[in-house]
Amino acid sequence: MGDVVQMHFSTVDYVIFALLLVASTGIGLFYAFSGGRQRTTQEFLLADRSMSCLPVSLSLLATFQSAVAILGAPSEVYTFGTQYWFLGCSYFLGLLIPAHVFIPVFYRLRLSSAYEYLELRFNKTVRICGTITFIFQMVIYMGVVLYAPALALNAVTGFDLWGAVLAMGLVCTLYTALGGLKAVIWTDVFQTVVMFAGQLAVIVVGTSQAGGISEVWRKAMNGSRIASLDLNPDPLERHTFWTLGVGGVFLMLALYGVNQAQVQRYLSSRTEREAVMSCYVVFPCQQIVLSLGCLMGLVMFARYGEDSPLDKGYVKTKDQMVLYFVMDVFRDLPGLPGLFVACLFSGALSTISSAFNSLATVTMEDLIKPFFPNMTEAKATLLSKALALGYGLVCLAMAYVASLMGSVLQAAFSIFGMVGGPLLGLFCLGMFFPWANSTGALVGLFSGLAMAFWIGIGSFVMRLPGPDLLPYANTTAPPLLGNMTTVAMTTLVSNMTSKTRPSGVEAIYNLSYMWYSAHNSATVVLVGLLVSLITGPMKEKDLTPGTVFPVLGTLLFFLPERYKEKLCCVTPLGHKHKDAQPYLTAQKENQEEVEEEVGGRKGAGEKLVEAGLAAPRASTTLSPHPSEETAL
């Protein structure tokens with residue numbers, strides 16, 4: 001820890017921290033004993049599909065705005081400058097595409113789990129493989145998210161490491177298992193407010209101590225921390241405009257388009273329009289959160305300059321640096337360190353509670369219900385609660401595994417890119433390419449996963465310290481799961497003019513971690529299409545209505561109809577298909593809802609057309625312009 005005495009919490013700090021845990025538990029208990037009392041799986045897992053836009057959007061924001069980002073972003077900006085801010089450019093497409101492509105497809109099929117879609121589009125095997133991949137992804141990610149803040153807190157304040165992990169893990173398990181998705185969403189709303197408050201407090205106090213915002217900016221400019229637009233197209237460069245602005249889109253799609261934790265929130269919305277609106281509301285919130293993280297990094301730089309607490313040996317890793325800075329800024333202000341730690345733990349709680357709930361949902365809907373179709377509702381609800389509890393305990397075990405891993409931001413993003421990318425590819429393959437078949441989907445998914453782990457593990461092994469490999473490895477992408485180097489080392493390396501550019505396989509291992517998602521999802525789509533064409537593409541009439549988004553038909557509008565038919569990109573109409581039942585039932589349910597909402601002014605057919613639940617023609621597929629369709 002170096003020669004500096006650890007900074008300790010005052011009683012007020014502990015009280016504020018305890019209040020966060022008590023309030024979160026209180027919200028969970030409130031929903032456990034009010035309303036429908038979580039007696040049905042529909043209420044427990046999907047909040048009775050009754051949520052409005054604002055809580056859903058704040059919950060979407062909180063789910064992946066975890067402690068990882070709160071600790072990672074400022075230290076990233078402190079070390080490398082504001083280049084990271086360009087990630088905000090990827091939010092435009094990263095949220096527009098889910099709002100107008102994925103949400104309409106999922107919402108109109110009335111799914112409970114995103115992976116039900118894979119069975120409707122392909123078959124049961126693809127659904128089960130998708131589910132297992134997702135469970136693997138989230139279980140690993142949970143461990144990182146739970147362990148990271150506890151470790152940093154322990155190092156800087158001496159706060160008991162496993163005490164913090166257990167307190168968070170158990171509180172979170174308690175309110176998720178008792179209160180269901182309603183509790184998760186409303187605790188997310190509360191925790192988002194706490195997160196904003198904690199970050200703002202640090203920035204305001206830190207800026208005033210540094211001599212005002214203009215002084216912070218001047219010091220950052222002098223220290224070359226304000227990055228200009230880097231248009232270097234090299235995919236091996238760690239952060240450039242292209243890796244962040246374009247590679248980031250695929251990361252966002254994997255998070256906001258097809259991740260069950262987010263899809264579940266869309267599906268819990270009252271109407272499709274509310275679900276789409278929640279996506280729009282997340283956008284400015286995401287930008288604010290990103291800007292706050294970057295600003296905190298600049299305030300840190302204004303305080304310490306090049307002489308970081310890491311160099312002095314006050315802290316051991318970059319992840320602890322932010323907490324050290326907070327304790328330093330709030331040294332004479334009791335209560336405020338507690339607020340920031342509450343902010344940090346809010347980030348962790350909101351993420352892992354969503355993980356527990358979504359894991360319980362997919363396990364129930366995709367792995368248990370299909371094999372026990374006659375299970376009673378009471379038994380299914382009880383089992384869902386037991387699953388949420390079980391995953392809570394698994395998360396604690398994963399936190400121990402995470403304690404054996406290194407740098408946090410990198411690890412979490414890499415796991416998401418490694419596993420989230422192939423899943424994104426699988427959904428895109430099904431949704432945009434009507435001729436993709438189930439064999440293609442399976443081979444594509446496994447190829448994507450194999451590629452992901454080959455690059456991930458390869459780059460990790462390659463970056464094990466070796467005199468020849470270290471300089472280049474550290475400037476392009478820090479070690480995947482190992483410790484990131486110190487500021488001094490990075491500065492030294494970036495000043496070296498002669499860098500030997502890796503070639504061949506080595507170049508693939510040096511790919512920027514922001515491209516993992518794009519690279520792996522593209523692998524799934526290409527291999528999937530190739531295998532589908534070899535093994536016999538699917539015919540129009542075999543497709544379940546509503547499972548294909550007609551993007552190809554729209555893009556190839558200039559082709560004559562007969563060529564479109566050959567390419568299988570005419571709107572699928574197969575009303576009599578055996579699997580169309582869930583979709584047609586959904587249409588009927590939606591029709592009833594619309595009739596209730598619109599009232600007795602028009603005939604049912606007109607109402608449906610107005611609501612976008614049926615095209616004026618007898619088509620059961622989505623219009624290529626869902627933006628016009630969401631006017632419920």
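Keep in mind that what you see is a predicted model, and the values were worked out from it rather than measured.

K.L.:
Give me the overall build of the protein: which residues, what numbers.
P.N.:
Helix and strand counts for the protein stand at 27 helices and 0 strands. Within the protein, counting contacts between residues at least 6 apart in sequence, those at least 24 apart form 84% of the total. Accessible surface, the protein: about 23600 Å² in total, of which carbon and sulfur atoms supply 67%.

K.L.:
Please provide a residue-by-residue account of the packing of aromatic side chains, values included.
P.N.:
For the coordinates displayed, the defined rule picks out 26 aromatic pairs. Plain terms: the ring middles of W85 and F86 are 5.9 Å apart, the flat faces sit at 70 degrees to each other, and that makes the pair edge-to-face. When its relative accessible area of 37% is taken as the criterion, W85 is described as partly exposed. Between the aromatic rings of F102 and F106, the centroid separation amounts to 6.4 Å while the plane-to-plane angle is 20 degrees, which identifies the pairing as stacked. In this pair, F102 and F106 are both assigned in helix α5 (residues 90-108), 4 residues apart and thus about one turn of the helix distant. A single burial state applies to F102 and to F106, both of which are buried. An aromatic cluster is built from F102, F106, Y115, Y117, F134, F427 and F432, whose rings are joined through pairwise contacts. One cation-aromatic arrangement involves K124 over F371; the distance from NZ or CZ to the ring centre is 5.8 Å.

K.L.:
Can you lay out the side chain of T25 for me, pointing to particular residues and giving the numbers?
P.N.:
For T25, the position within the fold is in helix α1 (residues 11-32). For T25, a relative accessible area of 13% gives the class buried. In contact with T25, other than residues within four places in its own chain, are V171, L174 and Y175.

K.L.:
A description of a nonpolar patch on the surface should follow, citing residues and the corresponding values.
P.N.:
Taken together, the side chains of W162, L166, L170, L393, Y400 and V401 make up a nonpolar region of the molecular surface, amounting to roughly 560 Å² of accessible area. Mapped onto the elements, L393 comes out in helix α16 (residues 377-402).

K.L.:
If you had to explain the packing of helix α4 (residues 67-80) against helix α7 (residues 124-157) to someone new, which residues and values would you point to?
P.N.:
As a packed pair, α4 and α7 sit with axes 8 Å apart at the nearest point and diverge in direction by 55 degrees. As judged from the angle between their axes, α4 and α7 are oblique. For the pair α4 and α7, contact is made by A67, V68 and L71 and by V144, V145, A148, P149 and A152, respectively. Its residues assigned to classes, the contact of α4 with α7 shows 8 nonpolar, no polar and no charged.

K.L.:
Before we move on, can you summarise the packing of helix α18 (residues 438-462) against helix α22 (residues 516-535) with the specific residues and values?
P.N.:
With their axes 7 Å apart at the nearest point, α18 and α22 run at an angle of 145 degrees to one another. Read as a crossing pair, α18 and α22 show a hand that is right-handed. Residue-level inspection shows T439, G440, V443, G444, L445, S447, G448, M451, A452, I455 and S459 of α18 in contact with α22, the latter providing Y516, H519, N520, T523, V524, V527, G528, V531, S532 and T535. For the contact of α18 with α22, the per-class residue count stands at 9 nonpolar, 12 polar and no charged.

K.L.:
Quick one: what's the story with helix α14 (residues 318-329), residue by residue and with numbers?
P.N.:
With 12 residues, α14 extends 17 Å between its outermost C-alpha atoms, agreeing within 8% with the 16 Å of an ideal straight helix rising 1.5 Å per residue. Of all 12 residues that make up α14, 12 are buried, and the element is covered over most of its length. Regarding α14, the residues found buried are K318, D319, Q320, M321, V322, L323, Y324, F325, V326, M327, D328 and V329.

K.L.:
Before we move on, can you summarise the environment of I368 with the specific residues and values?
P.N.:
Within the fold, I368 resides in helix α15 (residues 336-368). I368 sits 15 residues away from L383 along the chain, and the two C-alpha atoms are 9.7 Å apart. Apart from the residues within four sequence positions on either side, I368 is in contact with T363, M375, L383 and L387.

K.L.:
Break down the pattern of salt bridges for me, with residues and values.
P.N.:
Considering all chains together, one arrives at 12 salt bridges under this definition. R127 serves as the salt-bridge partner of E119, at 2.4 Å between the closest nitrogen and oxygen. R331 is the salt-bridge partner of D328, the closest N and O atoms lying 2.8 Å from each other. For D328, a relative accessible area of 11% puts it in the buried group. According to the relative accessible area criterion, R331 is exposed, its value standing at 53%. Put simply, E119, R127 and D366 are held in one network by salt bridges that share partners.

K.L.:
Run through the environment of V419, naming residues and quoting values.
P.N.:
Mapped onto the fold, V419 is located in helix α17 (residues 408-432). For the pair formed by V419 and M138, sequence separation is 281 residues and the distance between their alpha carbons is 9.3 Å. Filtering out sequence-adjacent residues up to four positions away, V419 remains in contact with T133, F136, Q137 and F453.

K.L.:
With reference to specific residues and values, describe unusual backbone geometry.
P.N.:
With a phi close to 50 degrees, R49 is a non-glycine residue in the positive phi region. For R49, the location among the structural elements is in the loop between α2 (41-46) and α3 (53-64). We note that R110 has phi near 50 degrees; this positive angle belongs to a residue other than glycine. With respect to the helices and strands, R110 occurs in the loop between α5 and α6 (116-121).

K.L.:
Tell me about the confidence of the model for the protein, and name the residues and values.
P.N.:
Looking at the protein as a whole, the pLDDT averages 79, with 79% of positions reaching at least 70. The element-level mean pLDDT for the protein is lowest in helix α20 (residues 487-495), coming to 28, with α22 highest at 94. Segment residues 466-498: pLDDT under 50, and 78 contacts once partners within four positions in sequence are set aside and those in other chains are kept. In this model, residues 572-588 is a region of pLDDT below 50 whose contacts with residues beyond four sequence positions or in other chains number 35 contacts.

K.L.:
Kindly report on α3, identifying the contributing residues and their values.
P.N.:
The first and last C-alpha atoms of α3 sit 18 Å apart over 12 residues, in line with the 16 Å expected at 1.5 Å per residue. In terms of burial, α3 is a largely internal element, 11 of the 12 residues being buried. When we look at burial in α3, the residues that qualify are C53, P55, V56, S57, L58, S59, L60, L61, A62, T63 and F64.

K.L.:
Would you mind going over the state of the cysteines in detail, with residue names and values included?
P.N.:
Taken as a whole and judged by the stated rule, the model has 0 disulfides. For the unlinked cysteine C172, the closest cysteine sulfur is that of C395, found at 7.5 Å.

Conventions we followed
Residues numbered from 1 in each chain as written. Predicted model: local features only at pLDDT ≥ 70, side-chain atom pairs only at ≥ 80, totals over all residues. Heavy atoms only, no water. Helix = DSSP H or I, 4+ residues; strand = E, 2+ residues; numbered from the N terminus. Contact = heavy atoms within 4.5 Å. Areas by Shrake-Rupley, 256 points an atom, 1.4 Å probe, with all protein chains shown as cover. Phe/Tyr/Trp six-rings, centres within 6.5 Å; stacked < 30°, edge-to-face > 60°. Buried < 20%, exposed > 50% of the residue type's maximum accessible area, 1.4 Å probe, protein only. Lys NZ or Arg CZ within 6 Å of the ring centre and 35° of its normal. Patch = residues over 30% accessible without salt bridge, like charges linked within 9 Å, V, L, I, M, F, W, Y side chains within 5 Å. Salt bridge = Lys/Arg side-chain N within 4 Å of Asp/Glu carboxyl O. Axes fitted to C-alpha atoms, helices over the stretch in contact; angles between N-to-C directions. Parallel < 35°, antiparallel > 145°, perpendicular 65-115°, else oblique. Nonpolar A, V, L, I, M, F, W, Y, C, P; charged D, E, K, R; others polar. Left-handed = near helix turned anticlockwise from the far one by under 90°. Expected span 1.5 Å × (residues − 1). pLDDT = per-residue confidence, 0-100. Disulfide = S-S within 2.5 Å.

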